[in-house]
Amino acid sequence: MKKTLIQSALASLVFACALTAHAQDAAAPAPVTTELPPPALRLSEQTRIRSAVIGLVGYARGSYTEPDTLIAQQLLEGMRSKFDVTRTVWPDGRQVIASVSGNGHGEERAAMLIDADGRVQAVGLVNGHCRAAAKRDDPKVCNPLPQTVLSVFQHAGASQADAAPLVAWSKRLPSYLAAMAESDDPADVAAAQKIARVEYITGQPNVPGWRVAQLPPGFPASLHPMLVQTAEVNSSASAGKIVLPKGLAGLPMRTAYERSQRPEAQLPDAEVTLRSYEPIAKLVDTYRELAKGATLDEEGREVVFNGTDGAGRYSVRLRDAKETGVFITVASWKRK
């Protein structure tokens, strides 16, 4: 990862004033934590921070704050709040930039450990190892208090000791939880969050984001290269019906509203929608290469490539959903 990656992100997160005090902080005998004013964009919305998270954990999945979900998505959601951003500077120049999820009182939260040169060393996620309930419509099942886990994601070959600042951060509870821990009521103290276990996980930045088995029937093999690996399968459809997600399987490929917003003479024979955390400008450049010969149009908030190949006609539609990533829909109309 380039040295300037997180340094640029910090500048965009109103850290300039904090960085001017860096020399003073670094000379301090103990880490200094500062609450930062709400940034213009959430940490989870920052393109460079998203890229740093993806560079560490890739498109691997796991069950931490949500069952069987992109680890990157769970990490970013754990730093989504604009009003709980903190910066801790350690004497050796390392920094921990953290926030909490948009829900609850900070029970779920995430932090990035950055070295003195601006490189991400590790990312931590306080979570309940949540998993799917036995019944599909029931809420997720998480570890009961106080069995909260700190999951630390590191680069291959990193020492667990390198992540010590994240362990220290996890034990510094957000204000609401800290008040419970310091209460005169034993019941509140017992219910307060505690980090019962720390686990260390090697990030898998090169794990492909999708598998051929996830593609719908009838999706041409010639279009597989159009499905970038730096993305997950968000949905798919064929023969006029939704295939994924399973909870919507069998429903019409297009709702009445979608048909009104996107007039189509003929529905695609098959399509796949991916979600990527790559910057949309980078993805557009990627598809300029992948879809050589295709026409490029801008339709409102979307960028669309239309082309043909051996299987027939295809389109690639990119929509930037900002914090939640870029959605890429690759549709195929087979030659009759």
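Position labels on residues start from 1 in each chain and follow its written sequence. Two thresholds apply to this predicted model, a pLDDT of at least 70 for residue-level local features and 80 or more for giving and counting side-chain atom pairs, whereas whole-chain, interface and lining totals are computed over all residues. Each side-chain value is worked out from all heavy atoms of the structure, with water and hydrogens disregarded.

Undergrad: What am I meant to see in the pattern of salt bridges here?
TA: Pairs can form between side chains of opposite charge whenever their charged atoms are close. What makes a salt bridge here is a side-chain nitrogen of Lys or Arg within 4 Å of a carboxyl oxygen of Asp or Glu, nothing more. A full pass over the atoms with the stated rule returns 20 salt bridges. Among the ionic pairs, D92 bridges to R94, the shortest N-O distance being 2.8 Å. Accessibility expressed as a relative area gives 46% for D92, which makes it partly exposed. Using a relative accessible area of 17% as the deciding quantity, one classes R94 as buried. The residue R288 makes a salt bridge to D285 at a minimum N-O spacing of 3.8 Å. Taken together, the residues R288 and D285, both in helix α10 (residues 280–290) and 3 residues apart, mark about one turn of the helix. Only protein chains enter the area calculation, which uses a 1.4 Å probe; residues under 20% of their type maximum are buried, those over 50% are exposed, and those in between are partly exposed. Residue classification places R288 among the partly exposed positions, given a relative accessible area of 47%. Overall, the relative accessible area of 46% leaves D285 in the partly exposed class. Secondary structure elements are defined from DSSP: runs of H or I of at least 4 residues count as helices, runs of E of at least 2 residues count as strands, and each element is numbered from the N terminus.

Undergrad: Hey, could you run me through the state of the cysteines in this one?
TA: Should the sulfur atoms of two cysteines be covalently bonded, the bond is a disulfide. Throughout, a disulfide means two cysteine sulfur atoms within 2.5 Å of one another. Counted by the stated rule, this structure contains 1 disulfide. Between the sulfur atoms of C130 and its disulfide partner C142 the distance amounts to 2.0 Å. Where C130 bonds to C142 through sulfur, the torsion about that S-S bond is close to 105°, and the disulfide is right-handed. Taken together, the residues span a long stretch of sequence, with C130 in the loop between β7 (120–127) and β8 (148–154) and C142 in the loop between β7 and β8 at a distance of 12 residues.

Undergrad: I tried to follow the packing of aromatic side chains on my own but got confused; where do I start?
TA: Remark: the centre distance and the inter-plane angle together describe each pair of aromatic rings, the angle taken between the planes. Any Phe, Tyr or Trp ring, taking Trp's six-membered ring, that has another such ring centre within 6.5 Å forms a pair; planes under 30 degrees apart are called stacked, those over 60 apart edge-to-face, and the others tilted. A complete count under the given rule lists 2 aromatic pairs for this structure. Measuring from centroid to centroid gives 5.4 Å for Y64 and F153, while their planes differ by 80°, and the two rings are edge-to-face. Pair noted here: Y64 is in the loop between β2 (61–62) and β3 (69–70) and F153 is in strand β8, with a separation of 89 residues, a long-range link. The exposure class of Y64 is buried, given its relative accessible area of 10%. The exposure class assigned to F153 is buried, which follows from its relative accessible area of 1%.

Undergrad: Sorry, what's going on with the sheet that holds β8 here?
TA: Two pairing modes exist for strands in a sheet, parallel and antiparallel, and in both the strands are linked by backbone hydrogen bonds. Strand pairing follows a simple DSSP-based rule, namely that at least 2 bridges must link the two strands. Read from one edge of the open sheet, 7 strands run β1-β4-β5-β6-β7-β8-β9, paired in mixed fashion. Two strands bound the open sheet, and with one partner strand each, they are β1 (32–35) and β9 (195–202). Each neighbouring strand pair of the sheet contributes to a mean axis angle of 20°, computed without reference to strand direction. When β1 meets strand β4 (residues 86–89), the two strands line up antiparallel, connected through 4 bridges. Residue E35 lies in a different strand from β4, and its bridge partner there is T86. The sheet contacts of helix α6 (residues 164–171) involve β5 (95–100), β6 (109–114), β7, β8 and β9, and relative to β6 the element is tilted by about 150°. Each axis is a line fitted through C-alpha atoms, taken for helices only over the stretch in contact, and angles between the N-to-C directions span 0 to 180 degrees. Any two residues whose heavy atoms approach within 4.5 Å are treated as being in contact.

Undergrad: Is there a simple way to explain the nonpolar core in this structure?
TA: When a protein is soluble and globular, its nonpolar side chains tend to lie buried together. To form a nonpolar core, buried Ala, Val, Leu, Ile, Met, Phe, Trp, Tyr and Cys residues must be joined to one another through side-chain atoms within 4.5 Å. With 27 residues, the main nonpolar core has V57, I71, L75, M112 and F153 as its most contacted residues. Broken down by secondary-structure element, the contributors of at least two residues to this core are α4 (47–57), α5 (71–77), β6 and β7. In contact with V57, not counting residues within four places along its chain, are I71, A72, L75, F153, G203, Q204 and P205. Listed in part, the 26 residues of the second largest apolar core include V272, V284, Y287 and Y314.

Undergrad: It is not clear to me how unusual backbone geometry should be interpreted in this structure. Could you clarify?
TA: Peptide bonds are, in most cases, trans, and in most cases residues other than glycine have a negative phi. L145 connects to P146 through a cis peptide bond whose omega is 5°. Here L244 and P245 are connected by a cis peptide whose omega angle stands at 0°. Residue placement: P245 occurs in the loop between β11 (241–244) and α9 (256–261). The phi dihedral of D68 is positive, around 40°, even though this residue is not glycine. Within the secondary structure layout, D68 lies in the loop between β2 and β3.

These figures come from the coordinates and say nothing about function on their own.
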